[in-house]
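# Chain and residue survey
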Amino acid sequence: MRRIAIFASGNGSNAENIIRYFNEGDHGAVVALVVCNRPGAGVIGRSERLGVPVSVMSAAEIRDADRMMKVMDEYEIDIVVLAGFLLMIPAFLTERYHDRMVNIHPSLLPKFGGKGMYGRHVHEAVVAAGETETGITIHLVSDECDGGRIVFQARVGLTPDDTPESVERKIHELERVHFPCVIEETFC
Ligand code: GAR
């Protein structure tokens, strides 16, 4: 049974969906830990209610190799899933979890990726650019922001009436349907 750590910074709808999929089903892995860098983030309560331990760590603690590796070892983590995690991952973690760490990005990379492109900012840029479609990208994590080999993309059409809020709803629906299955297909 593979052991997953989810890293998240915010609301945690993806984290909750992934926890329910693996911990309430038979899919070859279990979510053993959630790491969050923001005290008070929604993901903390969502995870704890589902019985998953949460480690709230500051950016400095996450960059501290000894501290971070101790946590990963304690929970025997094989796979790391970034689900709305807004800090850069330190090199010692991308090395240790080379080919065993994925991120989800709420656009069709390489479009609308890079520094500052996260969450609602992405959807605002997509609407401002008059795009006729957008989507999600799930990719392996490398040292480059939003770089790393793409393992999956899904698309959704947009209309001139779409707003950043409606785009966000469409994206969350794609994430809900696809993210857990892609994790399973990639690692389990
Ligand atoms: C998700 O839409 C995810 O794709 C995005 O943040 C949202 C987190 O939602 N990630 C990024 O923008 C990373 N660059 P959630 O906290 O409800 O899962």
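Just so it is clear, the model here is predicted, and its values are computed rather than measured.

Next up on the list: the pattern of salt bridges. Across all of its chains, the model carries 11 salt bridges by this definition. With a closest N to O distance of 3.2 Å, E165 and R120 form a salt bridge. Placement of the pair is E165 in helix α7 (residues 164–187) and R120 in helix α6 (residues 120–128), with a sequence separation of 45 residues. Owing to a relative accessible area of 37%, E165 belongs among the partly exposed residues under this scheme. The partner of E168 in a salt bridge is R120, with the nearest N and O atoms 2.7 Å apart. Highlighted residues: E168 in helix α7 and R120 in helix α6, separated in sequence by 48 residues. Owing to a relative accessible area of 32%, R120 belongs among the partly exposed residues under this scheme. It is possible to trace a salt-bridge network through shared partners that takes in E16, R20, E24 and R46.

All right, on to the environment of F112 then. With respect to the element layout, F112 can be found in the loop between β5 (101–105) and α6. Separated by 22 residues in the primary sequence, F112 and T134 have C-alpha atoms spaced 9.7 Å apart.

Each value, and the rule that gives it
- Residues numbered from 1 in each chain as written.
- Predicted model: local features only at pLDDT ≥ 70, side-chain atom pairs only at ≥ 80, totals over all residues.
- Heavy atoms only, no water.
- Salt bridge = Lys/Arg side-chain N within 4 Å of Asp/Glu carboxyl O.
- Helix = DSSP H or I, 4+ residues; strand = E, 2+ residues; numbered from the N terminus.
- Buried < 20%, exposed > 50% of the residue type's maximum accessible area, 1.4 Å probe, protein only.

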